[in-house]
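Secondary and tertiary structure notes
If you want the building blocks of each chain, they are given just below.
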Amino acid sequence: MANLKRTRDDILASILDTVHRKGFNSTGLSELFAVSGASSGSFYNYFRSKNELGHALIDFEWAQLRTNVLEPAAKCDDPIAQVFLILECLESKQLVEPHCGGCLLGNLIVDLVEEDESFREHLTRVFDEWERAIAQALYKGRNQLKPDVVPGIVAEQIITLIEGVMLIGRLRRDPARIRRGFDSGRNLLRASLK
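Residues numbered from 1 in each chain as written. Predicted model: local features only at pLDDT ≥ 70, side-chain atom pairs only at ≥ 80, totals over all residues. Heavy atoms only, no water.

1. Regarding unusual backbone geometry
Which entries qualify depends on this criterion: To qualify as a helix, a DSSP run of H or I must reach at least 4 residues; to qualify as a strand, a run of E must reach at least 2; elements of each kind are numbered from the N terminus. Exposure categories follow from relative accessible area, calculated using a 1.4 Å probe and restricted to protein chains: below 20% of the type maximum is buried, above 50% is exposed, and the middle band is partly exposed.
A positive phi angle is found at R173, which is not glycine, with a value near 55 degrees. Checked against the element boundaries, R173 lands in the loop between α8 (151-172) and α9 (175-192). Residue class for R173 comes out exposed when judged on its relative accessible area of 53%.

Following this line, the structure appears as structure tokens:
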């Protein structure tokens, strides 16, 4: 069974960049078969429909974000520094990848939530979990925050800001603008500190 999971993950990893750049709805199944190198039979062995593939991509990308961004940041002893590390890691990813396609999860909101309510529910759960991870770090570092700061609201503002930055980064492809956007996130966090 482990071999099937690896193959499934290989298919998801191989189509991620195409979906990220072209959009889920704009990428046909025949192109996904070609990009993944999987036959239609093999593909349908893992994903019964394109919608099921969309849900699998959401989970796959969210797992990548947790593994590559949230978990490394959580190793830092200072909870406020954890949030700064999350911002730094996301900014670096946007700057390192030429013509970065923004945030895949954010792109999937635009692409999928009006199509099927299950995508709205799924992406809402993912973004709630992401927001909660940031809020938990802020709650743990509450002694460093101004007394009137509400960690959950600051986490909400940070998610909204970085998603906006990554979306505009996709449009403008301007590293200076991406840096300024992430600086706004850091400034928001700094303004919350004592």
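Still more to cover.
2. Thoughts on a nonpolar patch on the surface
Filter applied, for reference: Residues qualify for a patch when their relative accessible area is over 30% and they have no salt bridge, like charges being joined within 9 Å and the nonpolar side chains of Val, Leu, Ile, Met, Phe, Trp and Tyr within 5 Å. Exposure was quantified through the Shrake-Rupley algorithm and a 1.4 Å probe, taking into account, for residues, occlusion by the shown protein chains and nothing else. Salt bridge criterion: a side-chain nitrogen from Lys or Arg within 4 Å of a carboxyl oxygen from Asp or Glu.
The grouping of Y139, V150 and I153 at the surface amounts to a nonpolar patch, some 270 Å² of accessible area in total. Looking at the element boundaries, Y139 is found in helix α7 (residues 117-140).

3. Some points on the side chain of T18
Just so we agree on the cut-off: The contact rule is simple, with two residues in contact once any of their heavy atoms fall within 4.5 Å.
With respect to the helices and strands, T18 occurs in helix α1 (residues 2-22). Owing to a relative accessible area of 16%, T18 belongs among the buried residues under this scheme. Not counting residues within four places of it along the chain, the set of residues in contact with T18 comprises G23, T27, E31 and V35.

4. Quick word on the state of the cysteines
Think of a disulfide as a covalent bridge from one cysteine sulfur atom to another cysteine sulfur atom. For the record, the criterion: Note on disulfides: each one is a pair of cysteine sulfur atoms within 2.5 Å.
One pass over the full model with this rule turns up zero disulfides. Not part of a disulfide, C76 finds its nearest cysteine sulfur in C89, a span of 13 Å.

5. Digging into the packing of helix α6 (residues 104-112) against α7
The test is simple: Orientation is described by axes fitted as lines to C-alpha atoms, over the contacting stretch for helices, and by angles from 0 to 180 degrees between their N-to-C directions. Reported orientations rely on four angle classes, namely roughly parallel under 35 degrees, roughly antiparallel over 145, roughly perpendicular from 65 to 115, and oblique for the rest. What makes a crossing left-handed is the near helix being turned counterclockwise from the far one by less than a right angle; a clockwise turn instead makes it right-handed. Gly counts as polar in this scheme, as do all residues outside two lists: the nonpolar Ala, Val, Leu, Ile, Met, Phe, Trp, Tyr, Cys and Pro, and the charged Asp, Glu, Lys and Arg.
One can describe the packing of α6 onto α7 by two numbers: an axis separation of 10 Å at closest approach and a directional angle of 155 degrees. As far as their axial angle goes, α7 and α6 are roughly antiparallel. In this structure, α6 crosses over α7, and the sense of that crossing is left-handed. Each of L105, G106, L108, I109 and L112 in α6 lies in contact with α7, whose residues at this interface are F119, L123, V126 and F127. Residue classes in the contact of α6 with α7 are distributed as eight nonpolar, one polar and no charged.

6. A closer look at the packing of aromatic side chains
Going by this rule: In summary, the pairing rule links any two rings of Phe, Tyr or Trp, Trp by its six-membered ring, whose centres are within 6.5 Å, and it sorts them by plane angle into stacked for under 30 degrees, edge-to-face for over 60 and tilted for everything else.
In this structure the tally under the stated criterion is seven aromatic pairs. Ring centres 6.3 Å apart and planes at 85 degrees place the aromatic pair F43 and Y44 in the edge-to-face group. By relative accessible area, which is 1% here, F43 ends up buried. Arranged with centres 6.3 Å apart and planes meeting at 45 degrees, the rings of W62 and W130 form a pair that is tilted. In this pair, W62 sits in helix α4 (residues 50-74) while W130 sits in helix α7, placing the two residues 68 residues apart along the sequence.

7. Overview of the nonpolar core
The test is simple: Grouping buried Ala, Val, Leu, Ile, Met, Phe, Trp, Tyr and Cys residues that are joined through side-chain atoms within 4.5 Å yields what is termed a nonpolar core.
The biggest cluster of nonpolar side chains holds 56 residues, and the ones touching the most others in it are L53, L105, W130, I134, L138 and I162. When residues in this core are grouped by element, the largest group, ten residues, is from α4. Other than its neighbours up to four places away in sequence, L105 contacts I58, E61, W62, L65, L123, V126 and F127.

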